[in-house]
Amino acid sequence: MTVVTRFAPSPTGFLHIGGARTALFNWLFSRHHGGTFRLRIEDTDAKRSTPEAIEGILDGLGWLELDWDGDTVFQSRNAARHAAIAEQLLASGNAYRCFCTPDELAQMRTEARAQGRTRLYDGRWRDRDPAEAPAGISPVVRVKMPLQGQTVIQDLVQGEVTVANQQLDDFILLRADGSPTYMLSVVVDDHDMAITHVIRGDDHLNNAFRQLHLYQACGWDIPDFAHIPLIHGSDGAKLSKRHGALGVDAYRDMGYLPEALRNYLLRLGWSHGDEEIIDTPQAIAWFDLDSVGRAAARMDFTKLESLNAHYIRQADRDRLIELIRPQLERSLGHPIDDPGLERLNKGLDGLRQRTKTLLELAESALIYCRHGPLPISPAAAKLLDPDATAHLKRLSIPLRALAPWNEQNLESLLREYCEQSDIKFGKIAQPLRAALTGTTKSPGIFEVMNILGRDEVLRRLSMVTGETEPGFFPGR
RNA sequence: GUCCCCUUCGUCUAGUGGCCUAGGACAUCGGCCUCUCACGCCGAAAACAGGGGUUCGACUCCCCUAGGGGACGCCA
């Protein structure tokens, strides 16, 4: 049997982190088994579905690089088919029309709640003659659920789950306006799409019992179910905007790499021994459902960040530069020029070593791409006291003559200078860093000087020493 | 309220009755490296929710309690 999975989001909002993980698990499972992964937009609620949300979900999946097979299915387009199945069920006696008014239902609900019952609809039209129907009420269609016994699901993640059939009420298949409900639509579509494994959030576990009977009423094969635990916020409570119920686009904007997010999401609720860094090919090779945990997990940005730092260090250089380019140029206020790009290329490895997000990387790249006056941070300014400035002034003379300009020679020159002046190396390295980068943290100072090049180094030094470099005008 | 699910370090987790004086990762705290910040390396602190069983032996199996989560729509 070929595995067919699906991701079936409802387009009522963006693709959030929980949905992303569900999509990932479905994708991984199908890829692992050489099966098919399909996408279905559950837009049966026209009132709440928006084109923007659909767009957002597609974008999110695209960014995460979770590709799906075949066409995207829009559930709403299958409404006629869903309704036809309901009619069939009506004909076969597995469903019936219910003429209850919303008021009646509301009353039933309060009563049921007060009496501590889960089943709220009392089935009053289940065996009643439709001839008794009150005038002016368009009925809904309800499915008949078993009255006695129990229903057992062998969930691939949760194990055996049992519920008493008395808990299951006759849910609605067709609304008063004849439109199909989610319960009906999922079952019909999953069957029509030949879905073999329904992998979805834990919040659907209760639905599975109802759906199981619907499958049976239709005489269809029942797919395997796998209900994966939900993701909670960092405080253990339900995910809120504050801690992660963001669209995946927000993660992109925060400077995370899709492969980092995938790795993070994968390890949230799934494990393969002690493995932590798992790239996607490896994940496909290893992924299975019985290693999925049963407990809800909390979103932990710190861990995501550390994974992200890892993938930034692995990433292709050109790709990284393209990724940070928009932000970089925004901060710069102008496009990166060729010398800037060249320096960035050389300096990227040094920079990426000390950043956790693309945002930080773009920020740190400024030291190589900026022209004009360099903003000096307060901490850096503190380093540039008169004493230090005097050293820098003195240093620029041998610097001007240094040949060839490379890390090794820069190091010998600086070390020699310190020795002759009888000062510790840090005494000169830190002011240099401050003058050259405007900050107190940067890659190694020889690396920075080497990449910046003689002219730029002298230019930046002159800006803090107050000396005008012949031929150079601050501000360019 | 009712039903369903869950419960190992702060967090993600390993653990499928003896390999556990409970392992790894992130975070934290020390140290080394060192021109800063990182990286890297070394080390420390840190958990089986509680109570009953079952068993020669329970983190592992069963029950209860507590806590957490989910569901209870003519939403999906």
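The preceding data block contains the structure.
About the cut-offs
Residues numbered from 1 in each chain as written. Chains lettered and ligands numbered in written order. Predicted model: local features only at pLDDT ≥ 70, side-chain atom pairs only at ≥ 80, totals over all residues. Heavy atoms only, no water. Pairing = 2+ DSSP bridges. Helix = DSSP H or I, 4+ residues; strand = E, 2+ residues; numbered from the N terminus. Axes fitted to C-alpha atoms, helices over the stretch in contact; angles between N-to-C directions. Phe/Tyr/Trp six-rings, centres within 6.5 Å; stacked < 30°, edge-to-face > 60°. Buried < 20%, exposed > 50% of the residue type's maximum accessible area, 1.4 Å probe, protein only. Lys NZ or Arg CZ within 6 Å of the ring centre and 35° of its normal. Near = heavy atom within 4 Å. Polar contact = N/O pair within 3.5 Å; in protein donor to acceptor, adjacent residues only side chain to side chain. Nonpolar A, V, L, I, M, F, W, Y, C, P; charged D, E, K, R; others polar. Expected span 1.5 Å × (residues − 1). Bend = angle between axes of the 7 residues up to and from the residue. Contact = heavy atoms within 4.5 Å. Core = buried A, V, L, I, M, F, W, Y, C linked by side-chain atoms within 4.5 Å. Patch = residues over 30% accessible without salt bridge, like charges linked within 9 Å, V, L, I, M, F, W, Y side chains within 5 Å. Areas by Shrake-Rupley, 256 points an atom, 1.4 Å probe, with all protein chains shown as cover. Salt bridge = Lys/Arg side-chain N within 4 Å of Asp/Glu carboxyl O. Lys, Arg positive; Asp, Glu negative; His and termini not counted. Charge placed at Lys NZ, Arg CZ, Asp CG, Glu CD. 1 Å grid on protein atoms, 1.4 Å probe; cavity = no way out; pocket = protein on both sides within 12 Å on 5 of 7 lines; lining within 4 Å. Points joined across faces, edges and corners; volume = space filled by probe spheres on them.

> Which parts of the structure should I look at to understand the sheet that holds strand 5 (residues 140-143)?
What links the strands of a sheet is backbone hydrogen bonding, and the strands pair in either a parallel or an antiparallel sense. Spatial strand order, 4-5-8: 3 strands in an open sheet with antiparallel pairing. Pairing within the sheet leaves two strands with one partner each, and these edge strands are strand 4 (95-98) and strand 8 (172-174). Within the sheet, the average angular offset between the axes of one strand and its neighbour, ignoring direction, is 45°.

> Sorry, what's going on with the packing of aromatic side chains here?
How two aromatic rings sit relative to each other is given by the distance of their centres and the angle of their planes. Enumeration according to the criterion identifies 6 aromatic pairs in this entry. Aromatic pair Phe-425 and Phe-446: ring centres 5.7 Å apart, planes at 40°, arrangement tilted. Placement of the pair is Phe-425 in helix 17 (residues 425-437) and Phe-446 in helix 18 (residues 445-452), with a sequence separation of 21 residues. Taking relative accessible area as the criterion, Phe-425 reaches 21% and is therefore assigned partly exposed. An aromatic cluster is built from Phe-25, Trp-270 and Phe-287, whose rings are joined through pairwise contacts. Residue placement shows Arg-142 over the ring face of Tyr-121; its charged tip is 3.6 Å from the ring centre.

> I would appreciate a short explanation of the protein's contact with RNA strand B in the present structure.
Close to RNA strand B lie 61 residues, the nearest being Leu-120, Arg-175, Gly-269, Arg-354 and Arg-433. Here the atoms of RNA strand B within 4 Å of the protein split so that 69% fall in sugar or phosphate, with bases taking the remainder. One of the backbone N or O atoms of Gln-353 is found 2.7 Å from a sugar or linking oxygen in RNA strand B. A distance of 3.1 Å separates a sugar or linking oxygen of RNA strand B from a polar side-chain atom of Gln-430. Elements represented by at least two residues in the surface near RNA strand B include exactly helix 4 (102-114), strand 7 (159-164), helix 6 (205-218), strand 12 (297-298), helix 10 (301-314), helix 17 and helix 18. Taken together, the residues of the surface near RNA strand B sort by class into 19 nonpolar, 23 polar and 19 charged.

> Is there a simple way to think about helix 15 (residues 386-401) in this case?
In an α-helix, one turn spans 3.6 residues, which is why side chains three or four residues apart end up on the same side. Here helix 15 is 16 residues long and its end C-alpha atoms lie 24 Å apart, about the 22 Å a rise of 1.5 Å per residue gives. In helix 15, a bend of some 25° at Leu-395 exceeds every other bend along the element, and Pro-398, a proline, comes one to four places later. For helix 15, every residue scored as buried is listed here: Ala-388, Thr-389, His-391, Leu-392, Leu-395, Ser-396 and Leu-399. On its buried face, helix 15 sits against helix 14 (378-383), helix 16 (407-421), helix 17, helix 18 and helix 19 (454-465).

> How should the nonpolar core be read in this particular structure?
Considering soluble globular proteins, one finds that nonpolar side chains tend to be buried as a cluster. Core analysis: the largest hydrophobic core is formed by 96 residues, its most contacted members being Leu-344, Leu-432 and Met-449. In contact with Leu-432, other than residues within four places in its own chain, are Leu-392, Leu-395, Leu-414, Ile-445, Met-449 and Leu-461.

> Help me understand helix 17, please; the structure alone is not making it clear to me.
Its 13 residues give helix 17 an end-to-end C-alpha distance of 18 Å, which sits within 8% of 18 Å, the value for a rise of 1.5 Å per residue. Looking at helix 17, one finds that the buried residues are Ile-428, Ala-429, Pro-431, Leu-432, Arg-433, Ala-434, Ala-435, Leu-436 and Thr-437. Downstream of helix 17 by one or two residues, Gly-438 has phi in the positive range, about 75°.

> What exactly am I supposed to notice about the side chain of Arg-126 here?
Residue placement: Arg-126 occurs in the loop between helix 4 and strand 5. In terms of polar contacts, Arg-126 uses its side chain to reach the side chain of Asp-170, at 3.1 Å. Once residues lying within four places of it in the same chain are set aside, the contact partners of Arg-126 are Tyr-96, Lys-144, Met-145, Leu-147 and Asp-170.

> Can you help me understand a negative patch on the surface in this one?
Side chains of Glu-52, Glu-55, Asp-59 and Asp-249 sit close together on the surface and give a patch of like negative charge. Looking at the negative patch, the element that brings in the most residues is helix 2 (residues 51-64), giving 3 residues. Turning to its location among the elements, Glu-52 is positioned in helix 2. By relative accessible area, which is 58% here, Glu-52 ends up exposed.

> I would appreciate a short explanation of the layout of surface pockets in the present structure.
Over the atoms, a rolled probe matching the size of one water molecule traces out where space is still vacant. Counted as a void, the largest pocket has a volume near 1,100 Å³. Taken together, 39 residues make up the lining of the largest pocket; nearest its centre are Ser-10, His-16, Gly-19, Asp-203 and His-204. For the lining of the largest pocket, the elements supplying multiple residues, two or more each, are strand 1 (4-7), helix 1 (17-32), helix 5 (182-192), strand 9 (197-201) and strand 11 (231-232). The element contributing the most residues to the lining of the largest pocket is helix 1, with 5 residues.

> I would appreciate a short explanation of the pattern of salt bridges in the present structure.
Pairing between side chains becomes possible if they bear opposite charge and their charged atoms approach one another. A full pass over the atoms with the stated rule returns 25 salt bridges. One salt bridge connects Lys-303 with Glu-276, and the closest N-O pair in it is separated by 3.4 Å. One end of the pair, Lys-303, is in helix 10; the other, Glu-276, is in the loop between helix 8 (258-267) and helix 9 (280-286), and 27 residues separate them in sequence. One salt bridge connects Glu-456 with Arg-460, and the closest N-O pair in it is separated by 2.7 Å. Note that Glu-456 and Arg-460 are positioned in helix 19 at a spacing of 4 residues, about one turn of the helix. The exposure class of Arg-460 is buried, given its relative accessible area of 1%. What you see here is one network of salt bridges that share partners, running through Arg-6, Arg-40, Glu-42, Asp-189 and Asp-190.

> Just checking my understanding: could you explain the environment of Ala-434 for this structure?
Mapping Ala-434 onto the fold places it in helix 17. For Ala-434 and Arg-210, which are 224 residues apart along the polypeptide, the C-alpha to C-alpha distance reads 67 Å. Dropping the residues within four chain positions of it, Ala-434 is found in contact with Ile-376, Ala-380, Leu-383, Leu-384 and Thr-439.

> What is the right way to read the side chain of Asp-189 from this model?
Considering the arrangement of structural elements, one finds Asp-189 in helix 5. Those residues in contact with Asp-189, other than ones at most four positions away along the chain, are Arg-40, Gln-75, Asn-78 and His-82.

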